[in-house]
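Summary of the model geometry
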Amino acid sequence: WGGRGGGRGGDAGHHATPRLVQYVETRTRVAWALADPTAAPRAEQDAANRADMQLLFDRLPDGPMRASIAEAVAHAFREHGHVLKELYLAFGRRCELVFATAAGGSSLVLRSNELVDDEHLRPFAPLFDGLGAHARRTGVDGTLHRISRSVHTIRGGTCAITARVGRTIQGHVLPLLAGGSPIGSEAEASRAVAELASRSLLLIGTPNTGKTTALRELARLLSLGDARVVVIVDKSLEIAGTAVVPHGAIGNARVLTAESSAHQHKAMLEAVENQSPDFVVIDEISSKEECQAARTIAGRGVALVASVHGDSLAGLLADAERSVLLGGVQAVTLSAREAEARPDRRRTVQKRYGAPVFGAAVELRSFADCVVHADVQGAIDALLDHAPVGAAWHRVEGHAVSSTPVVAVPCEGRAPAYAALACGERVAADTDFAAQTVGNVPVASGGVLEWRALTEASPRVYSRVSPAPGEGGLEAMGAAFTFA
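Computed from a predicted structure; not experimentally measured. (Residues numbered from 1 in each chain as written. Predicted model: local features only at pLDDT ≥ 70, side-chain atom pairs only at ≥ 80, totals over all residues. Heavy atoms only, no water.)

**Here we look at the overall build of the protein**
For the record, the criterion: By the criteria applied, helices consist of DSSP H or I runs no shorter than four residues and strands consist of E runs no shorter than two, each listed in order from the N terminus. The classification of residues rests on relative accessible area computed with a 1.4 Å probe and restricted to protein chains. Under 20% of the type maximum is buried, over 50% is exposed, and intermediate values are partly exposed. The method behind every accessible area is Shrake-Rupley, applied with a 1.4 Å probe, and residues are considered shielded solely by the protein chains displayed.
Scanning the protein for helices and strands turns up 12 helices and 28 strands. Taking all 484 residues of the protein together, the buried fraction comes to 49%. About 21700 Å² of surface is accessible on the protein, with carbon and sulfur atoms providing 51% of the total.

Given below as structure tokens:
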């Protein structure tokens, strides 16, 4: 990227005119096959997931509600390809079924015609036997289902059950995250994922975007063969299931449970002190103690594969507690010469004060849609310098995965948005894409239609409606499409 414009003089932090910073795209769009030679056949996965679903249904008493649930689930899958994500049973209220598309994310909520009674909640009670009155979460042995209960504070006893449906989904993580070169064997697959995660890999996503599913599959792929030891720190038993024998979906990975969710940081340190891991897999790093434990593990030369809640790298950077995972941020005052060299000419700026724990990061938008940052340190420094950040937008399209070059464009006072540019196209920093869009329909900006939103997921990805004079356009993106 380069800058132009602006004069000298005045207070660089307040009065100087910022330079116009522009990013020029030099990369091209590519694609590769949606293939994973290590994944079980789709029919075999579907059969296993149906069997696990039946184990959950077996907890419901025979009657109209069980029959209606089974029929609704079958119909949603048969007619629309939707799968059950969550079953909610609350005393005195209608049963809720939450469905998701094959790509993840909520798509539909159905409610039963009859009300939930004690007879519908009672079959779940044995799952909590021996766990103590404080226990709120358990599972169905042999499956990946997670069962949570709500206890009434006055009446006592269970007043609601939430069953999150767990599924084995193989075959999408490898090509989505680590594709780009031909992978024809188990050894090549494991090697490709190990290369991606060797500098530690962070998955960032909002709820229901597939973070836990992706972690489970990454653990399986990393543990293939005899070259690596993989340890999963499973604080809520969502990755490996609640059975004493871990679910087969994690492959050869080991499992280390935490005494409680509040003690996950202790289990993280135990993983490197009592085991000999090459990779430690952790779901949902959230507290200050867990962030510090992650830094300790990285400092001992062990790679991490972990997830956090959020929508983007920029959003995580703004989180005071968890930004330490990205190196931490502090305010510094620049000299006049240093400020003059910056595009915004500010004297007081935010700077990274340490090395990021993670070398690469993935913003998961769904099972089939993500943005990959191959160089976290470079991305963080660019974001803090208010400069554009190059990344790659990966999407499953039919039987292929496309990788479209995108750039995170900083905009004063707002989170960055992504611009998908053709080779040779330009975009200026502080471009306000949203101001040029009403719903998903572009409006005229100076008489020229400029940008349109390609996605609803946040941060949005935008592309130019028509090429600027002398630049490549959307047609050029198609012309540059190649298959590896």
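**Thoughts on the nonpolar core**
Note on soluble globular proteins: their nonpolar side chains tend to be buried together. Quick reminder of the rule: As used here, the term nonpolar core means buried Ala, Val, Leu, Ile, Met, Phe, Trp, Tyr and Cys residues forming a set that is joined through side-chain atoms within 4.5 Å. Should any heavy atoms of two residues lie within 4.5 Å, those residues are considered in contact.
Leu-202 and Ile-285 are the most contacted members of the largest nonpolar core, which totals 46 residues. The dominant element in this core, judged by the number of residues it contributes, is helix H11 (residues 376–384), at six residues. Sequence-distant contacts of Leu-202, that is, excluding residues within four places in its chain, are made with Ala-306, Ser-307, Val-308, Leu-316, Leu-326, Phe-358, Ala-360, Ala-361 and Val-362. Among the nonpolar cores identified, the runner-up in size contains 38 residues, and Leu-215, Ile-239, Val-362 and Leu-364 belong to it.

**Points about helix H6 (residues 211–222)**
Applied cut-off: Here the expected length of a helix is defined as 1.5 Å per residue gap, with one fewer gap than residues.
Compared with an ideal rise of 1.5 Å per residue, which puts 12 residues at 16 Å, H6 spans 16 Å between its outermost C-alpha atoms and is within 8% of the ideal. With 12 of its 12 residues buried, H6 lies for the most part within the structure.

**What about the packing of helix H7 (residues 264–274) against helix H8 (residues 288–299)?**
Convention followed: In this analysis an axis means a line fitted to C-alpha atoms, helices contributing only their contacting stretch, and an angle means the value between N-to-C directions, from 0 to 180 degrees. Small angles under 35 degrees read as roughly parallel and large ones over 145 as roughly antiparallel, with 65 to 115 read as roughly perpendicular and the rest as oblique. Under the grouping applied here, Gly and all other residues not named as nonpolar or charged are polar, the nonpolar ones being Ala, Val, Leu, Ile, Met, Phe, Trp, Tyr, Cys and Pro and the charged ones Asp, Glu, Lys and Arg.
Two elements in contact, H7 and H8, have axes whose closest approach is 8 Å; the angle formed by their N-to-C orientations is 10°. The orientation of H7 relative to H8 falls into the category roughly parallel. Every residue of H8 that contacts H7 at Gln-264, His-265, Met-268, Leu-269 and Val-272 is listed here: Glu-289, Glu-290, Ala-293, Ala-294, Thr-296 and Ile-297. Its residues assigned to classes, the contact of H7 with H8 shows six nonpolar, three polar and two charged.

**So, unusual backbone geometry**
Even without glycine at this site, Ser-200 takes up a positive phi of about 80°. Note on placement: Ser-200 falls in the loop between helix H5 (186–197) and strand S10 (201–205). Using a relative accessible area of 4% as the deciding quantity, one classes Ser-200 as buried.

**Some words on H5**
Here H5 is 12 residues long and its end C-alpha atoms lie 17 Å apart, about the 16 Å a rise of 1.5 Å per residue gives. Looking at H5, one finds that the buried residues are Ala-189, Ser-190, Ala-192, Val-193, Ala-194, Leu-196 and Ala-197.

**Regarding the packing of H5 against H6**
Quick note on the threshold: Each crossing gets its hand from how the near helix is turned against the far one by less than a right angle, where anticlockwise is left-handed and clockwise is right-handed.
The contact between H5 and H6 brings their axes to 8 Å, and the two run at 120°. By the angle between their directions, the pair H5 and H6 is classed as oblique. The handedness of the crossing between H5 and H6 comes out as left-handed. Contacts from Ser-190, Val-193 and Ala-194 of H5 reach H6 at Leu-218, Leu-221 and Leu-222. Residues of the contact of H5 with H6, tallied by class, amount to five nonpolar, one polar and no charged.

**What to know about the packing of aromatic side chains**
Aromatic ring pairs are reported here in terms of the distance separating the ring centres and the angle at which the planes meet. Rule in force here: Aromatic rings from Phe, Tyr and Trp, taking only the six-membered ring of Trp, are treated as a pair when their centres fall within 6.5 Å; an angle between ring planes under 30 degrees marks them as stacked, one over 60 as edge-to-face, and anything in between as tilted. Two limits define a charge over a ring: the Lys NZ or Arg CZ must be within 6 Å of the ring centre, and within 35 degrees of the ring normal.
Following the criterion strictly, the structure yields zero aromatic pairs and no others. In this structure, Arg-395 is placed above the aromatic ring of Trp-393, and the distance from its NZ or CZ to the ring centre is 3.8 Å.

**Thoughts on the confidence of the model for the protein**
Heads up, the condition is: The predictor reports its confidence for every residue as pLDDT, a score running from 0 up to 100.
With 86% of its residues at a pLDDT of 70 or more, the protein shows a mean pLDDT of 83. In the predicted structure, residues 1–17 sits below a pLDDT of 50 and forms 34 contacts with residues beyond four places in sequence or in another chain. Between residues 470–484, whose pLDDT stays under 50, and residues either more than four places distant or in other chains, the model counts 34 contacts.

**Describing the environment of Ile-250**
Examined against the element boundaries, Ile-250 turns out to sit in the loop between strand S11 (230–234) and strand S12 (254–257). On the basis of relative accessible area, Ile-250 is assigned to the buried category, the value being 1%. Setting aside residues no more than four positions away along its own chain, Ile-250 makes contact with Arg-216, Ala-219, Arg-220, Ser-223, Ile-232, Ile-239, Ala-240 and Val-255.

**Section: the pattern of salt bridges**
Quick reminder of the rule: The term salt bridge refers to a pairing of a side-chain nitrogen on Lys or Arg with a carboxyl oxygen on Asp or Glu at a separation within 4 Å.
Under the definition given, this model contains 19 salt bridges. Ionic pairing is found between Asp-385 and Lys-351, a salt bridge with its closest N-O pair at 3.0 Å. Of this pair, Asp-385 sits in the loop between H11 and strand S19 (389–397) while Lys-351 is found in strand S16 (residues 348–352), placing the two residues 34 residues apart along the sequence. The exposure class of Asp-385 is partly exposed, given its relative accessible area of 22%. Residue classification places Lys-351 among the partly exposed residues on the basis of a relative accessible area of 28%. One salt bridge in this structure joins Glu-397 and Arg-395, with 3.2 Å as the shortest N-O distance.

**A word on the environment of Ala-303**
Looking at the secondary structure, you find Ala-303 in strand S14 (residues 303–309). Among the residues examined, Ala-303 registers a relative accessible area of 8% and is labelled buried. Residues Ala-303 and Val-357, spaced 54 residues apart in sequence, show a C-alpha to C-alpha distance of 9.1 Å. Filtering out sequence-adjacent residues up to four positions away, Ala-303 remains in contact with Ala-197, Ser-198, Ser-200, Asp-278, Phe-279 and Val-280.

**Here we look at the pairing of strand S18 (residues 369–373)**
For the record, the criterion: Here the rule is simple: two strands pair whenever DSSP picks up at least two bridges between them.
Burial analysis of S18 places five of its five residues in the buried class, the great majority of the element. Covered by surrounding structure in S18 are Asp-369, Val-371 and His-373 together with Cys-370 and Val-372, the residues of both alternating faces. Bridging between strand S17 (residues 360–366) and S18 involves five bridges; their strand directions are antiparallel. Its bridge partner lying in S18, Leu-364 is registered against Cys-370.

**A look at the environment of Asn-252**
Looking at the element boundaries, Asn-252 is found in the loop between S11 and S12. In this structure Asn-252 comes out as exposed when scored by relative accessible area, which is 56%. For the pair formed by Asn-252 and Gly-225, sequence separation is 27 residues and the distance between their alpha carbons is 8.6 Å. For Asn-252, the residues in contact, after removing those within four places along its chain, are Ser-223, Leu-224 and Gly-225.

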